[in-house]
Amino acid sequence: MNFIFGYLKNNPSKVFFNLVSITLGIALFVSTQINGWKAEKSLVDQTIGFNSQNLIGRYVPNATQGEVDSKTLFSLDANLPDAFRIEPELFIKGYTSLTDNQSLSLPIIGRDLISFNINFKNQVNRENFPKYFISNSLLQKINSKTPKVSIHLCNQLLTINLNDMIPIDSDGLFIVTDIERLQTICELKNTYTTINILIQNEAKIESWNLDFSHLLKNQNWKFESINEIKDRAGVALGSLKINLTIISLVSVLISFFMVSNIYTGIFLSRKKEFGILLSIGGSRLNNFFQFMTLALLLGLIGGIIGTFFGITLANFNFFQTSTTLTDSSQLESYREFPNVILMYGILLSIVGSTVSALFNALKAYHILPIELLKDRDESQTHTKFNLQLKWFFSFFLIFLGTAIGCIKIQKQILPGLTGVSFVILGFILINYVSIPLIVKGVTKFSEKLNLSASFLLAMKEIEMESWKNGLTISTIMLATSLVFTLSSLTLSYESSLKKWIEEENQSDFSLVNEKKLNSGEPGVSIHLLNELEKTNLFSQVEPFFINSKFIINGKYFTLHVLNFKENENKEEIFVSKNLCYLEKICKGNLIKISTPNKGMINLKVQDEKENFFSERGTIIMDYSLYKSLFPIQELNSIRLSFSDLSKKNEALQTIQQIASENELIYLDQEKLKELYLSGMNRVFSVLDSLKLTAILISLLSLATSIFYYVKEKSRILAGLKAIGMNFLQLFFLLFYQTIFLLIAGMTSGILNSLILSPIVIFGINQNAFGWDLIFTFPVHFVANLPILILLYATIITIIPFYFVYRMKISNELNYE
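Now for a look at the structure at hand. (Residues numbered from 1 in each chain as written. Predicted model: local features only at pLDDT ≥ 70, side-chain atom pairs only at ≥ 80, totals over all residues. Heavy atoms only, no water.)

With that settled, the discussion passes to the overall build of the protein chain. From N to C terminus, the protein chain includes 23 helices and 23 strands. Here the protein chain holds 816 residues, and 54% of them are scored as buried. The contacts of the protein chain with a sequence gap of at least 6 include a subset with a gap of at least 24, amounting to 83%. (Helix = DSSP H or I, 4+ residues; strand = E, 2+ residues; numbered from the N terminus. Buried < 20%, exposed > 50% of the residue type's maximum accessible area, 1.4 Å probe, protein only. Contact = heavy atoms within 4.5 Å.)

In structure tokens, the structure reads:
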């Protein structure tokens, strides 16, 4: 241990870079996992009303709101054992305006406050029982300077005095009030959204085995357990979490490639020390365990630091996950998370660090005392057969990975992950075996051009350490490939979405409620349809309604309601192609849905349509059919098309007037497209942060490699200075190595992404989401690379060159 701590003390720069690389990778993993958990937690909480402590299940109506008389409730309560109790609940979405003119969507939850079991502040010394309970997170977000808060609820403005509110120590943004008060405000007498079943006495639960599905004598209500609710939320966000995990793990892989590169530098610098230990009686096993103990220690320290750094990033929502199902404001309110995520982060750090060090630890095990007599590494000689075998194996891995990665198996991303792994391994092997060939080719070409000695020396130094430089190139390759692959995925989504919007919505304007856009709630009164039709200024006045939590067979899907074309059957439905692919609900199939107006009915799927709105799948229904099955009061938007261009100004004035009177906004085609794209960008915004992190780690790896070269070859560099090489030539010696590694890594990364992008888009993406995207590759990025390579190479070379500039020849050439 003294040997290890002595190394840590004498080599602070190597320890620092090692810890930084581990910290960045683990912080990235931990923060994305925490934010993924927040997204799932938010969806579960919004489903069960922010009360999962004693909840074991609930009864939900088949309609949007369900009426149930008092006798039914009393009957249900009487049939329940003493271990359980019922809790009727009314869950209504409202919204309020913040001080920065932003609209905040929040649920108002109606419960029986007499039996409302929750700890709240300022409970003592209150003369009156509070009318409203408010979560601390919401209270802090409102931060109102006035004594009142205004909330838009049930098409009216509800004003609440802050004195009537009591804070609740709970994450999430919500308000709880008495259920009868909320029913009165919203004019929903005897109406509940759920009837919760809570545990009242855990000691008596084991003796009861109830079938809750048949306990409530009302066929319009069904029972779902808490596990079913959580599973449904997990399925709805599963694809997002899986993709985030994949991307974060690739970034972790990049960081541990850098760690492996550092351990290679450590082995080269300590090679003689290992030989000395053997010569004075040490064992090979001791050398091995010293190396692995160092890796274990640095992995543990880096994991702990990275985990806490990841928590900080998560708290600042740096890698926030957002979808059409989640509300960003709700996500920001969560501060608690499972400790198991932290354990995963530390365990991944330890395993990654030890695996990264394993190859060099084995080299330390096989070292011989004769290494003491070697002044530098001897270049390895490879037989022609070995090289041919390595080339064949590399291309075989790439071919095999491509074939496996594009296998079509719905909801299975394992083939895609396997394919990506094989392709990456193939390219890593190519990076290693191609360095001597590339150097020889470049050297022969440079001899004809009579290039400087600095260039020839730089190429020779790169060839001497093919394995170490191959790791550096592979690190840059992974980062470049990740950037290009994710950019290709984003651009493919964008191209497909633009094409779908142009085909789906050809209207001139859309009326929407801006305040409810973020929450996805409808906010355009249905009465405006008749008002707009009566003006005779529009050839088409089309309603558009979205239900993002339409349940079929216990799963969430998205429902779109609009006017079908004349040649389409309005008594049947369409499904999106990804719904057909993922759920096998396709043309000609029947789906069973529960409706408040007609009970259980079967609807036939007349055809499939391309639809890029929902990753879970979309059902498309005609407005007239929906209105006959479900109650509807508000729409998400009204689409308008001009009937006569000569009356365009008059029609536009009418739209402006109606929008102003009803607190709406109107969007033309371009603004609507921007709205959809902004939603897509919100979902993919986390990818931009991941790309930047990957670039940072790869550049740090390259800087570390050049920095170590200066440290390890200080005597050679001092000797070159002594025989007359000037500072400009020394600078270019480092610069040529840097630019070679950058060009090789980025070229390999672009080629790698050309293979990985189709696997991700047509393999992983299609299996996970079922979308057949328009493949788009970011060719325009390649045009910027020459400038970026020169810029990065210059910046990265400056810092190591500073040490060469300050180097004293007498100190470096002193062997005593």
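Next comes the rest of the write-up.
Further remarks concern the pattern of salt bridges. Taken as a whole and judged by the stated rule, the model has eight salt bridges. Two residues, Glu542 and Arg639, come together in a salt bridge whose shortest N-O distance is 4.0 Å. Here Arg639 lies in strand β22 (residues 637–642) and Glu542 lies in strand β15 (residues 538–552), a separation of 97 residues in the sequence. Per residue, the accessibility class of Glu542 equals that of Arg639, and both read buried. Each of Glu87, Glu89 and Arg111 takes part in a single network of salt bridges with overlapping partners. (Salt bridge = Lys/Arg side-chain N within 4 Å of Asp/Glu carboxyl O.)

As a packed pair, helix α7 (residues 271–279) and helix α8 (residues 284–315) sit with axes 9 Å apart at the nearest point and diverge in direction by 140°. The way α7 lies across α8 gives a crossing that is right-handed. Residues Phe274, Leu277 and Leu278 of α7 pack against Arg284, Asn287, Gln290 and Phe291 of α8. Here the residues of the contact of α7 with α8 are counted per class, giving four nonpolar, two polar and one charged. (Axes fitted to C-alpha atoms, helices over the stretch in contact; angles between N-to-C directions. Left-handed = near helix turned anticlockwise from the far one by under 90°. Nonpolar A, V, L, I, M, F, W, Y, C, P; charged D, E, K, R; others polar.)

A few words on the nonpolar core. Within the largest apolar cluster, 86 residues are counted, with the highest numbers of intra-cluster contacts made by Tyr263, Phe291, Tyr493, Leu497 and Tyr676. Excluding anything up to four places from it in sequence, Tyr493 contacts Met680, Phe684, Asn765, Phe769, Trp771 and Leu773. Residues Ile526, Phe538, Val541 and Leu629 belong to the second largest nonpolar core, which totals 42 residues. (Core = buried A, V, L, I, M, F, W, Y, C linked by side-chain atoms within 4.5 Å.)

Below, the discussion takes up the sheet that holds strand β18 (residues 590–595). Ordered in space as β18-β19-β17-β20-β16-β15-β22-β13-β23, the nine strands form an open sheet in which the pairing is mixed. Because the sheet does not close on itself, it has two edges, and the strands there are β18 and β23 (665–668). The average angle at which neighbouring strand axes cross in this sheet is 30°, direction not considered. Pairing between β18 and strand β19 (residues 599–609): six bridges, direction antiparallel. Across the sheet, Lys592 pairs through a bridge with Asn602, a residue of β19. (Pairing = 2+ DSSP bridges.)

Bringing the state of the cysteines into the picture now. One pass over the full model with this rule turns up two disulfides. In this model, Cys154 is linked to Cys186 through a disulfide, with the two sulfur atoms separated by 1.9 Å. Torsion about the S-S bond of the Cys154 and Cys186 cystine: about 80°, corresponding to right-handed handedness. Of this pair, Cys154 sits in the loop between β6 (148–153) and β7 (156–161) while Cys186 sits in helix α5 (residues 179–186); the two residues are 32 residues apart in sequence, bridging distant segments of the chain. Accessibility expressed as a relative area gives 27% for Cys154, which makes it partly exposed. Judged by relative accessible area, which is 10%, Cys186 ranks as buried. One disulfide in the model links Cys580 with Cys586; its S-S distance is 2.0 Å. The chirality of the disulfide connecting Cys580 with Cys586 is right-handed, given an S-S dihedral of about 95°. (Disulfide = S-S within 2.5 Å.)

Take a nonpolar patch on the surface next. On the surface, a cluster of nonpolar side chains totalling about 430 Å² of accessible area is made up of Leu389, Phe392, Phe393 and Phe396. Among the structural elements, Leu389 can be located in helix α11 (residues 384–405). (Patch = residues over 30% accessible without salt bridge, like charges linked within 9 Å, V, L, I, M, F, W, Y side chains within 5 Å. Areas by Shrake-Rupley, 256 points an atom, 1.4 Å probe, with all protein chains shown as cover.)

One pass over the structure, following the stated rule, counts 23 aromatic pairs. Here the aromatic rings of Tyr626 and Phe630 are separated by 4.8 Å at their centres, their planes lie at 25°, and the arrangement is stacked. Across this residue pair, the class does not change: Tyr626 and Phe630 are buried. Where Phe731 meets Phe732, the ring centres are 5.8 Å apart and the plane angle is 80°; that geometry is what we call edge-to-face. With relative accessibility at 29%, the residue Phe732 sits in the partly exposed group. These aromatic residues form a ring-pair network of at least three members: Phe455, Phe727, Phe731, Phe732, Phe735, Tyr736 and Phe801. Looking at Arg181, its charged tip hangs above the ring of Tyr132, at a distance of 5.6 Å from the centre. (Phe/Tyr/Trp six-rings, centres within 6.5 Å; stacked < 30°, edge-to-face > 60°. Lys NZ or Arg CZ within 6 Å of the ring centre and 35° of its normal.)

Attention now goes to the packing of helix α14 (residues 466–504) against helix α21 (residues 727–769). As a packed pair, α14 and α21 sit with axes 6 Å apart at the nearest point and diverge in direction by 40°. When the axis of α14 is compared with that of α21, the two are oblique. Where α14 crosses over α21, the handedness of that crossing is right-handed. Residue composition of the contact of α14 with α21, by class: 16 nonpolar, 14 polar and no charged. (Parallel < 35°, antiparallel > 145°, perpendicular 65-115°, else oblique.)

With respect to the secondary-structure elements, Ile435 resides in helix α12 (residues 414–449). Residue Ile435 is classed as buried on the basis of its relative accessible area of 1%. As for Ile435 and Trp467, which are separated by 32 residues in sequence, their C-alpha atoms are 9.1 Å apart. Leave out the neighbours within four places in its chain, and Ile435 touches Ile462, Glu463, Ser466, Asn469, Gly470 and Ile473.

What follows deals with the pairing of strand β8 (residues 165–168). Neither face of β8 is open: one carries Met165 and Pro167, the other Ile166 and Ile168, and all of them are buried. Here strand β5 (residues 132–135) pairs with β8 via four bridges, running parallel. By the bridge assignment, Phe133 is partnered in β8 with Ile166.

Within the fold, Ser488 resides in helix α14. Overall, Ser488 belongs to the buried group, its relative accessible area being 0%. Among residues more than four places away in sequence, those in contact with Ser488 are Ser757, Ile761, Phe775, Thr776, Phe777 and Pro778.

What follows is about α7. The periodicity of an α-helix, 3.6 residues per turn, causes residues three or four places apart in sequence to face the same way. All of the buried residues in α7 are Lys271, Phe274, Gly275, Leu277 and Leu278. Down the axis of α7, the buried set is contained in an arc of 160°. They therefore lie on one face. Gly281 occupies a position one or two residues after α7 and carries a positive phi of about 110°. (Arc of directions from axis to C-beta.)

If you check the backbone angles, Glu187 has positive phi at about 55° while not being a glycine. Tracing the backbone shows Glu187 in the loop between α5 and β10 (191–192).

In this fold, Pro147 is placed in the loop between α4 (136–142) and β6. In the structure, Pro147 is positioned 13 residues away from Ile160 in sequence and 8.6 Å away in space, judged by C-alpha atoms.

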